[in-house]
Amino acid sequence: MIKNVSVIGAGTMGNGIAHVFAQAGYAVVLVDVAAAQLEKAVKTIEKNLDRQLAKGSITGEQKKQTLQQITIETDLQKGVTAADLVVEAATENESVKLELFKQLDAAAPEHCVLATNTSSISVTKIAAVTKRPGQVIGMHFMNPVPVMKLVEVINGYATWAEVSGMIIGLSEQLGKIPAVANDYPGFIANRILMPMINEAVYSLYEGVAGVEAIDTIMKLGMAHPMGPLQLADFIGLDVCLSILNVLHKGLGNPKYAPCPLLVNMVASGRLGMKSGEGFYTYAHGTKELVVSEKFR
Ligand code: NAI
């Protein structure tokens, strides 16, 4: 039975994952190498709980209890000694994750399941560096975690069926809707989303339409809540590029090759919302969508 959950990485995704587990009553240890990230994550969780409180979806008591369920830790080993489940949400970098899973395998109890929130790195490859590949699985939450319902559950080549079943049940208990995919490059979410984003960038690059027209057509024509270029900015253009590279390399089909415009934007530091500029520009404190000068 899962009681103690350790979340590794306290960035964008880690704070949301800690939030939903704590809210469902699990004891959560949030671990990060950077103490400042941990402090920031706790503040973000508090802010997001306040938002839920203002909407009336939780009570003040529930907010207090949720925060009490979370402890923070910078020492990985200490952070996982009592874990029944680890959810890794550290930086999307293969060598970081492989090293991390070796350490997790050595430090976590034998029964502990090791899940990764990776967007694109092979779950099978991650599992292979551990002595418990049957207990390694993908648990891919969507951003923002407290709001988005989906958990893409990714079975590695060696994942045991009972571990997959447990993660499916657990996702439902968190109030999420799990959907299962097998471990091939990009799984399902990014295998379908990233080529769409790439095609939108190609349409801009080739002058088929401007930023606003592309996003408006996809929003109003396909009932997408955000256009693909705005979504790319939200995800991070560097993240999109790295996932496209994984698809391209892993599936070997030139149709996944990232658009040269996307490559150039990332090389020039235009990473979307987080850097203040991508296809749109983001001024602090305003929600208005302004197309970047480059594309006007
Ligand atoms: P982020 O860059 O916001 O946070 C990563 C955190 O991991 C940082 O706080 C960093 O200090 C920490 N970290 C790095 N190495 C570590 C280590 N060895 N031990 C402990 N902590 C370590 O990244 P983000 O966006 O939260 O992504 C995390 C994971 O979630 C990635 O695998 C990413 O692909 C995946 N993901 C991201 C989504 C997004 O929209 N940002 C959506 C779905 C999945």
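What counts as what
- Note on numbering: residues in each chain are counted from 1, in written sequence order.
- Reporting in this predicted model follows two pLDDT cut-offs: at least 70 for local features of residues, and 80 or more for side-chain atom pairs to be given and counted; totals over whole chains, interfaces and linings ignore these cut-offs and use all residues.
- Side-chain measures were taken over the full set of non-hydrogen atoms in the model, leaving aside hydrogen atoms and water.
- The term nonpolar core refers to a set of buried residues drawn from Ala, Val, Leu, Ile, Met, Phe, Trp, Tyr and Cys, joined through side-chain atoms within 4.5 Å.
- Relative accessibility decides the category of a residue: with a 1.4 Å probe and only protein chains considered, values under 20% of the type maximum give buried, values over 50% give exposed, and everything between is partly exposed.
- Note on conventions: DSSP H or I runs of at least 4 residues are helices, E runs of at least 2 residues are strands, and numbering of each starts at the N terminus.
- Only heavy atoms enter the contact rule, under which two residues are in contact if any of them lie within 4.5 Å.
- By definition here, a salt bridge exists when the distance from a side-chain nitrogen of Lys or Arg to a carboxyl oxygen of Asp or Glu is within 4 Å.

(A) Structural context of the nonpolar core. I17, F21, L85, M139 and F141 are the most contacted members of the largest nonpolar core, which has 34 residues in total. With six residues, the single largest contributor to this core is helix α1 (residues 12-23). Each residue touching F141, except ones within four places of it in the same chain, is listed here: M13, I17, V20, F21, V87, N117, L150, V151 and L174. Counting 27 residues, the second largest nonpolar core, distinct from the first, contains C240, L247, Y256 and L262.

(B) Just the pattern of salt bridges, in detail. Under the defined criterion, the tally for this structure stands at seven salt bridges. The partner of D105 in a salt bridge is R132, and the shortest N-O contact between them spans 2.6 Å. Placement of the pair is D105 in helix α5 (residues 94-107) and R132 in the loop between α6 (123-128) and β6 (136-141), with a sequence separation of 27 residues. Each member of the pair, D105 as well as R132, is classed as buried. Residue D238 pairs with K274 through a salt bridge whose shortest N-O separation is 3.0 Å. Of this pair, D238 sits in helix α11 (residues 237-251) while K274 sits in the loop between α12 (260-267) and β9 (280-281), and the two are 36 residues apart along the sequence. Salt bridges linked by common partners bring E88, E92 and K97 together as one network.

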